[in-house]
Amino acid sequence: MAKSSIAAIDWITVLLFILLVGFGWGNIYSSSYSDEVFSITDLSQVYSKQGLWIVLSIFLIIVTQAIEVKFYEGFAGVIFVGSLVSLLGLFVFGKTISGATSWYNLGFMSIQPSEFAKAATALALAKFLSDMQTNIKRVNHQLKAFLIIALPALIIVPQPDPGSALVYAAFFFPLYREGLAPIYLIIGASAAILFVATLLFGPLLVVIGAVLFVLGFLMMQFMNLHHERRSRTYTLIIIVILALCVLRYTLSMTTIVETLTAYLEILVPILNYSILGILALVIGFFIGLLSKGTATQRQKPNYLMYIATLAVIVGFCYSVSYIYTNVFEERHRNRFDIVLGKAVDAKGIGYNTNQSQIAIGSGGWFGKGWKEGTQTKGGFVPEQHTDYIFSTVGEEWGFLGSTLVILLFVFLLIRLLILAERQKSQFSRVYGYSVVGVLFVHFAVNVGMVIGLLPTVGIPLPFFSYGGSGLWGFTVLLFIFIKLDANRVNEW
Amino acid sequence: MRKLLLYLVIIVTGVVFISRLFYLQIYNTSYAALSEDNAIKILYDYPQRGAIYDRNGKLLVSNQPSYDVMVIPRELKSFDTLEFCSVLNITKEKLIKQLKKARVYSPRIPSVVIPQLTKDEYAYLQEKMRKFSGFYIQQRSLRDYHTHNAANVLGYIGEVNDALIQKNNYYQSGDLIGIDGVEKQYEKQLRGIKGVKYIQKDRFNRDIGPYKEGIFDTLPVNGQDLTITLDGELQAYGELLMQNKRGGIVALEPASGEILALVTAPSYKPELLVGRKRSPNFTKLYYDTIAKPLFDRGVKGEYPPGSPFKTINALIALQEGVVTLEDRFSCNMGYRYGRSSKLGCHSHAGPLNMIPGISNSCNAYFANVYRRIIEKYDTPQEGIDRWKKHVQSFGMGKYLGNDLSAGRPGKIPGSKEYNRRYEYPKYKWYATATLSNAIGQGEVLTTPIQMANFTAAIGNKGYYHTPHIIKAVDGNPIEEENYTKRKYTTIDTKHFAPVIEGMHQVFTMGTARSLQSKDIDICGKTGTAENYVRIKGKRMQLTDHSVFVAFAPKDNPKIALAVFVENGYWGSRYAGRIATLMVEKYLKKQIERTDLEDWILTHSLEEEYAKPYSEEPFTINH
């Protein structure tokens, strides 16, 4: 049995894993070596420790491959409970490192149980969803699934480590794949958009926008009822406008704010509102188009529904604004303000983000070369070998190097998605989706933060960032899936 | 749809990230510039400033090391203040004050605690320094003067000001720059070129070694040594003679235009403006608005030239052909013109022709000559402009255009000035209205260096070299055309002989008979210039200025000079004595007429200068 499953291992994934870990170690070496001569085996050095963790992870890989698939499935619940206990134990035996009580001190090293809890949660969720009796369309089963996801997150938040807790949002991907109603995702995405928009433009403007958005949606609904064919032309126009908006966003979030402020100063407010309003109308129109042909579109509009939605939006926007100013702490507000371009503070709160952007920006096309990064050498970017390791890539390997890393991650995630889709057992598929979700959230949040698109959230870049627990956690998470995938031929 | 969502999200994220990276790394280059700014420190390696030598190779200015005790407040640890203070010989209060000041300035950037220690203090402190963390000693280079003279010529150096830093990117805050004199004028040659070192810094601004193993670093280029035209000994002697007097001496080498001595009195010792003492001393000098020790009278004092100017009028008259050498003019204690106007003169034998006219300095003679010049032409306007052109060809009435850091154009009036003054064409004016020009009074103003220059031009029989101070750079003689090329006056060479003879007779039988030196064939001209001042809004006449120009020897002169002694009364009284002593010193290297020297050294004009400020009635010219 062992023989056949080694042959069935997906070597593409393993290769991508090796490339990421190897390149990651190179960058950790560059960002932490000093000119004083240290042996590579001297464990006082960050890079040699990471080297040791990498070597030890080989044993973990062997162990994960040696364990029977049935064990993972059968003991998922036990593993999950054990993981929860290990998280709870932190409140008693935990060791505090940089403000968070997230570690067990084992003497020679510190272990962060939350890094392993992700794999445990993934197993538990897979086990629950693959149960014959579970139907994700039923509300009580949905609640149970949410509970599995929320339990470890709720224990991690007060450590405090909100970043690691945030990662658990990733488990909505497998839920959605398994049939969770899209309304959850729509509500979630809308809430996020409204949240950011309220912070940027204030509640009044957003509410006006939302009203116009709903009007646009309504308009589309009427149009669909009467002139179905005309809509294709509109679709094209709207896609172009949206593409422009996305382009604007990627160039710099600050630019949007600046442009809008400039407009505000030049044009009379009415004209300005109308620009935002037209945008909202257009987007509503587009969303309406997307849902064309669905049941709602053929019915007459349900005005009560529209009014209720609007009321919820108004309530949400004003409470966001209230919570933001009255409940959020200064440091949280600062992080958002910097990313949203509302505040510029290159020396204080924005220091990390600013320095990492300077380091990346100074890389140019080809970078300054390995170990040649002046920003890296100077230690201008805090936490560079851990959360900000990507800035070293950007400075020393330039646009080409950092693009390569992005592509490696994208390839790995897509490869894993393909693997997940080809699973015959629901257990393996859910687990695969969980792996993709967790890795994706880590990748997106970390890189987004380093390149200044997202607020500062302290979570590592998988396989890249320095840290034994992180590396082992991701390795275990990934290789359990590789084991499951290799074993799919033996499934019935 | 459910299967596609995550694919879509992953790919969109990848695209967004890559476009953002493109924006950061390729499109927006300001991030790259920022990185250079905060990771690389530029350190400058200051070269030695060039030394300055006099024309005989005597060292005038070099450099001396000086040691500043610096502090970086952030790196201070508790230390034995008592020991520190006793080592540096300062009070504890002073130390606390200095540390506070440094901390306010910047906790990270070094500040000076005690500036400019001597070598001995440094040697002692060096041993102890390691005990005091946060302090270190920085070596600087200061000017070291080997002369107490010529401060007005040499100038001084000081910290560059912000306005200049903005304009010239060579300088950084705290750099030293020549502010006056030769130091200013030849700053570029003297300063050399700073070396640059690029140092890789870490986020605490600490140095962590040379950037890229120093491939971009450059070595400093030392400043060039200057040889200036000054004769150190003559300059010193001039300053000695001018003690207790105000005025200036400018001595030139006629054949080259080199400035042999440029004395202004009162002056100051150059070492007063070095290092730690510079600021208080400068303030003291700057606020002495009566004696004005910072005012270089030799090049900036615009005075009526007085009688020496008559030689120019004689030359113009000969050139214009309005008089012959034999034309005699009578003098009856002056020259009467109009109904009651008279240009007074002293008693002498008469009537005189040109040569004795010069040697006796007869005002009436030159009044006649001047009228003939102006009246040669149809209108006085034409005449005076013609006259002005001749005068200007001697370098008067305009900037000389030399390498001194200061200068004044003086003033030679023309038709424009007189038309304005007399409201022409409403009223007409005639030669007599400008008659004081005949004797170098009235509207004519010249600086002593301009007078020395026209004297040199007379000695050269018709040309001069622009007076200049630079002789050689790093031992290579200058080749600048402005200084090496002869500048010809508008007077033909043949007309100079009689004027020179007249100037020679000034000593043999004229106004400076008493100043003859037995074996120097000297030519000169006395001058006594009336002058007025305005003190507290009241215009009052003061004792005349004593003026003298001379060159020697008569043929192929080696020195030409102008001496101007404010309120020294008649020409041969102060200026004449000083001028002949200077000539004797330069040509014979020693003084034989010690009685003359003693007279000058023992006579002071301080009393004369105090008169107008005494607020009591006073008499002049006695």
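Refer to the structure presented above.
The numbers attached to residues start from 1 for each chain and follow its sequence in the written order. Here every chain gets a letter starting at A, and every ligand a number starting at 1, in the order they are written. For this predicted model, a pLDDT threshold of at least 70 governs which residues receive local features, and a threshold of 80 or more governs which side-chain atom pairs are given and counted, while totals over whole chains, interfaces and linings are taken from all residues. To obtain the side-chain values, all non-hydrogen atoms of the structure were included, while hydrogens and water were left out.

Let us look at the pattern of salt bridges. Residues and elements named next belong to chain B. Just to be clear on terms, a salt bridge is a Lys or Arg side-chain nitrogen sitting within 4 Å of an Asp or Glu carboxyl oxygen. Tallying each qualifying case throughout the model produces 24 salt bridges over all chains. The shortest N-O distance in the salt bridge between Arg143 and Glu183 comes to 2.8 Å. Separated by 40 residues along the polypeptide, Arg143 in strand S5 (residues 135–145) and Glu183 in helix H8 (residues 181–185) bring together distant segments of the chain. Per-residue accessibility, obtained with a 1.4 Å probe over protein chains only, is compared with the maximum for each type, and a residue is labelled buried under 20%, exposed over 50%, and partly exposed between these values. Of the residues examined, Arg143 reaches a relative accessible area of 2% and is grouped as buried. Residue Glu183 is classed as buried on the basis of its relative accessible area, which comes to 0%. Of the charged contacts in the structure, one is a salt bridge between Arg371 and Glu375, with a shortest N-O distance of 3.0 Å. Placement of both Arg371 and Glu375 in helix H15 (residues 363–375) is noted, with a separation of four residues, approximately one turn of the helix. Through salt bridges with shared partners, a single ionic network connects Arg49, Arg143, Glu183 and Glu187. Think of it this way: any DSSP run of H or I at least four residues long counts as a helix, any run of E at least two long counts as a strand, and we number them from the N terminus.

Another point: the sheet that holds strand S3 (residues 110–111) of chain A. Residues and elements named next belong to chain A. Within the open sheet, the three strands sit side by side as S1-S2-S3. Their pairing is antiparallel. Looking at which strands have only one partner, the edges of the open sheet turn out to be strand S1 (95–97) and S3. As judged from the two bridges shared by strand S2 (residues 100–105) and S3, these two strands associate in the antiparallel manner. Bridging from a neighbouring strand, Tyr104 pairs with Ile111 of S3. Relative to S2, helix H5 (residues 76–93) is tilted by about 100°, and along the sheet it contacts S1 and S2. Two strands make a pair as long as DSSP finds a minimum of two bridges between them. Any two residues having at least one pair of non-hydrogen atoms within 4.5 Å are treated as being in contact. All axes are obtained by fitting lines to C-alpha atoms, using only the stretch in contact for helices, and the reported angles, taken between N-to-C directions, cover 0 to 180 degrees.

Bringing empty space enclosed by the protein into the picture now. All names here are of chain B. Put plainly, a pocket is an open set of points on a 1 Å grid over the protein atoms alone with protein on both sides within 12 Å along at least five of seven lines, a cavity is a set where a 1.4 Å probe fits but cannot get out, and a lining residue has an atom within 4 Å of a point. Grid points are joined across faces, edges and corners, and a volume is the space filled by probe spheres set on the points. Applying the stated criterion across every chain, the model contains one cavity of 30 Å³ or more. In this model, the largest cavity occupies a volume close to 30 Å³. If you go around the largest cavity, the residues you meet are Leu542, Thr543, Asn567, Glu608, Pro612, Phe618 and Ile620. Of the residues contributing to the lining of the largest cavity, the split by class is four nonpolar, two polar and one charged. Gly falls in the polar group here, along with every residue not listed as nonpolar (Ala, Val, Leu, Ile, Met, Phe, Trp, Tyr, Cys, Pro) or charged (Asp, Glu, Lys, Arg).

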